[in-house]
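# Remarks on the overall topology
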Amino acid sequence: THPRKEAASSLTDNATPPLQRITAANKASDRSTPTPRNTVSSLRPSQLPSRTTAHRKQAPHSLHLPAQTMTKVVSTAEPRRSNRSRRQVESIYDEARDAVAAGGDAVSGGEETEEESPVKTKRTGRERTEPSDNESSDESSSDDDDFKASKSTKKNAASKGSNRTITKNKSKKISIQMKTLKNKANNKRKTAINSTQRQVNLALNHLSKSLLPIHEREPRTSSLVSVLLNSHRPSNANDTAIHRAPNEIPIVSHYSKNLYSAAWKVIELHNEDSNKAQLLLLNLLFRSVGGNEETDFFVGLEEEEEDGERVVPVLDEMDTEEWARIVTDLVDEMRHTPSQQILLCCDPRGAVHQASVLSGNEHPEGKKMVGGVIYQIGAMEYRKIYKEFWYILGCVALTHGGMASTASSEFDESQRGSAVEGGGGGSSVVRLDAELVKDLIGKVIELSPVGQPDVRAAATMAALSMSHAVLDQSAILVKKLDVAKRQYDATKRKSGGAKSEALKVRVDSLKRSVQDLEEVVMGTVVQGLFVHRYRDSNEHIRTLCIESLSRYSLQRPDIFLSDKYLKYFGWLMHDKSHHVRSAAFTGLLSPFLAVRDAASGKARAVGDEHLMVDKIDLEALVNVVTKFLKRITEGVIDEDQEVQEKAMRLTLVLLKDGFLDDVDDDDMWSMVNQRALAPDASAQVRKDALYFVLELLK
């Protein structure tokens, strides 16, 4: 029901309409007596409410009745609320009613009295009385000041409280939005990773079905190629190798468990029959570069079909001429293998891409043929798996070889970060089978001079991967050696005795183990492989060598971060291939970036846990930087964009680290500075060049 109708029905007198009675009363009061002070017209403007939309509601028409007979009418309609305030809106008639109730008979024409009822203000609700004539102006002014001060204090307190609430609400909203954005980014990243890995798995399955015979499509020890192509599948829950030493598995990727199982079986076979194990590894190498089931050496395992006419060849009984003839026949047979059936070649993007580049075709064959993209993805992923297998094989050979001592378990525990600080506890002798790794690397290096580039690349890749495993293990031993030396020195100064002797034996054993491992790399790999292959006729093999040397400088900077090895980076900056030049610039840049990442607390990537970044001395690069500075700065105008970016980044890092403080060459500075505005430079080059200019201005 309408509130106006309810108010009208509540009145006792229904003869005369309420509106006419109010109008008549107002006219009579205007003619008879002047307006009293306590009426609506006598109120100050500050006490009158603003005329909002609320005054449009008609209040009950009994407001001008005498206070003794006036009945308060309550409206059932909800008051309108403004957009800015949540308090209930009062109409002008509500305050008029209060004023009439306070004034009594004044509205009806009576005389004004001295004692009046107090009137409550609208905003504060305090009782306010009109000052009498005999009150001084000082008291009234002081009361007004107190009222204003209390009013402003409450306003300030309310505003501060509201500001705190708003700030808290804003911070909560911002934190919720940040969490939401992070979750969305993580979900997108996971989705991208899952979709990419799904595509890689499909490519590996495609290669397995198209290249392997039916009986080899399941992983078998007799066919390591099948094991590598199926390494993306979940590992076998009943695998004894994984359950025997789960903490010994060097985790490099999600392929590591299956690859560790295969490597462990190969080393176990090598401990029983070294000839069969070496034949398995040779079959893996030749099958990867285009061989097939017919070109495999007969190993004579139980998984293979028994054939009385086939004889297991003995590698140690072959002379050089016989071995050369066998390899030549295999290479000649593999020359006719189509590009789509070669898993591993010199080119990192696969044999199909390599064939298209060699033929000068602007549209690579891989994009024309059906499944060419799938093949390229699978070939690139197989290259990573191939490297990781040989790395894990080197780790397993060191710790589970026939000459490895029982202390290898303690060694592996230290690899996981749980090294025993005390001298007691287990055997103090640490002995790794360095001879086994040296023998395996030597067998592979024998294939590095073969005329077929793909065979050279596969052999070089295998040997360098095993050398990385050796250096990682030597880095762990060096850290343990430093701890053992400190313990021995402390014990020797205090008491000596049996504990000191045990620590001395441990220090000597660690020294011998470190020397054996260093000899494997510096003698067999560097002198027997690197010094020949870094000048190989194939650009990708040269790139492999310089990338491995860059890795060496981070694994053992105390050895390889010296002028003896850093000079190779300077020489290969002048290489005719942009792949090699880019790898050379990256090799010089890597120590600077590693030190900066370690200083900033950046987490290391998987597989980089054993890098000896704490022992990198950047002062060791002063000589090579001074000698090849001209070539470094000329790299910013290289014809290849990737080389420009690496050279510009290296130049900027050298300036920041103070390597160019004593250089006074205006032509060189101008050449570098102009790259900030060069139209042919990439965005990254211009950005780094601009930072270079800003550093010079500082």
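Refer to the structure printed above.
Figured I'd write up the structure that's included with this text. (Residues numbered from 1 in each chain as written. Predicted model: local features only at pLDDT ≥ 70, side-chain atom pairs only at ≥ 80, totals over all residues. Heavy atoms only, no water.)

### As for the overall build of the chain
Quick reminder of the rule: The helix and strand labels rest on DSSP assignments: H or I over at least four residues marks a helix, E over at least two residues marks a strand, and numbering proceeds from the N terminus. Relative accessibility decides the category of a residue: with a 1.4 Å probe and only protein chains considered, values under 20% of the type maximum give buried, values over 50% give exposed, and everything between is partly exposed. Every residue pair with non-hydrogen atoms within 4.5 Å of one another is taken to be in contact. To be clear on the numbers: accessible area is Shrake-Rupley with a 1.4 Å probe, and residue cover counts the displayed protein chains and nothing else.
Looking only at helices and strands, the chain has 25 helices and two strands in total. With 698 residues in all, the chain has 43% of them scored as buried. Within the chain, contacts between residues at least 6 apart in sequence are counted, and of these 70% link residues at least 24 apart. Here the chain has roughly 39,100 Å² of accessible surface; of this, 50% comes from carbon and sulfur atoms.

### Structural notes on the packing of helix α14 (residues 434–445) against helix α16 (residues 497–533)
Going by this rule: What counts as an axis is a line fitted to C-alpha atoms, over the stretch in contact for a helix, and the angles between N-to-C directions run from 0 to 180 degrees. Note on angle classes: values under 35 degrees are labelled roughly parallel, values over 145 roughly antiparallel, values of 65 to 115 roughly perpendicular, and the remainder oblique. Any residue outside Ala, Val, Leu, Ile, Met, Phe, Trp, Tyr, Cys, Pro, Asp, Glu, Lys and Arg is labelled polar, Gly included; the first ten of those are nonpolar and the last four are charged.
Across the interface, α14 lies against α16 with an axial gap of 10 Å and an inter-helix angle of 10 degrees. By the angle class used here, α14 and α16 are roughly parallel. Packed against α14, whose contacting residues are Ala-434, Lys-438, Ile-441 and Ile-445, the element α16 presents Asp-516, Leu-517, Val-520, Thr-524, Val-525, Gly-528 and Leu-529 at the interface. Partitioned by chemical class, the residues of the contact of α14 with α16 number seven nonpolar, two polar and two charged.

### Focus: helix α20 (residues 578–600)
For clarity, the threshold we go by: Expected span of a helix: the number of residues minus one, times 1.5 Å. We define the bend at each residue as the angle formed by axes fitted to the 7 residues ending at it and the 7 residues starting at it. Nitrogen and oxygen atoms within 3.5 Å of one another constitute a polar contact, given that in protein one can donate a hydrogen and the other can accept it, and given that sequence-neighbouring residues count only through two side-chain atoms.
In this model α20 runs 31 Å from its N-terminal to its C-terminal C-alpha over 23 residues, within 8% of the 33 Å that 1.5 Å per residue would give. Maximum bend of α20: about 40 degrees, positioned at Leu-589, with proline Pro-591 one to four residues after it. A distance of 3.3 Å separates the backbone nitrogen of His-579 from a side-chain oxygen at the start of α20, and that oxygen is part of Ser-577. Gly-601 sits one or two residues past α20 and shows a positive phi near 80 degrees.

### Section: a negative patch on the surface
Note the following rule: In this scheme, patches are assembled from residues that exceed 30% relative accessible area and form no salt bridge. Like charges are connected within 9 Å, while nonpolar side chains (Val, Leu, Ile, Met, Phe, Trp, Tyr) are connected within 5 Å. Salt bridge, as used here: a side-chain nitrogen of Lys or Arg that lies within 4 Å of a carboxyl oxygen of Asp or Glu. Charge convention: Lys and Arg are scored as positive, Asp and Glu as negative, and His as well as the terminal groups of each chain are ignored. A charge is said to be at NZ when it belongs to Lys, at CZ for Arg, at CG for Asp and at CD for Glu.
A cluster of like negative charges, contributed by Glu-435, Asp-439, Asp-516 and Glu-519, occupies part of the molecular surface. Looking at the negative patch, the elements that each hand over two or more residues are α14 and α16. Asp-516 sits in the partly exposed class, given a relative accessible area of 44%.

What is shown is where atoms sit, not what they do.
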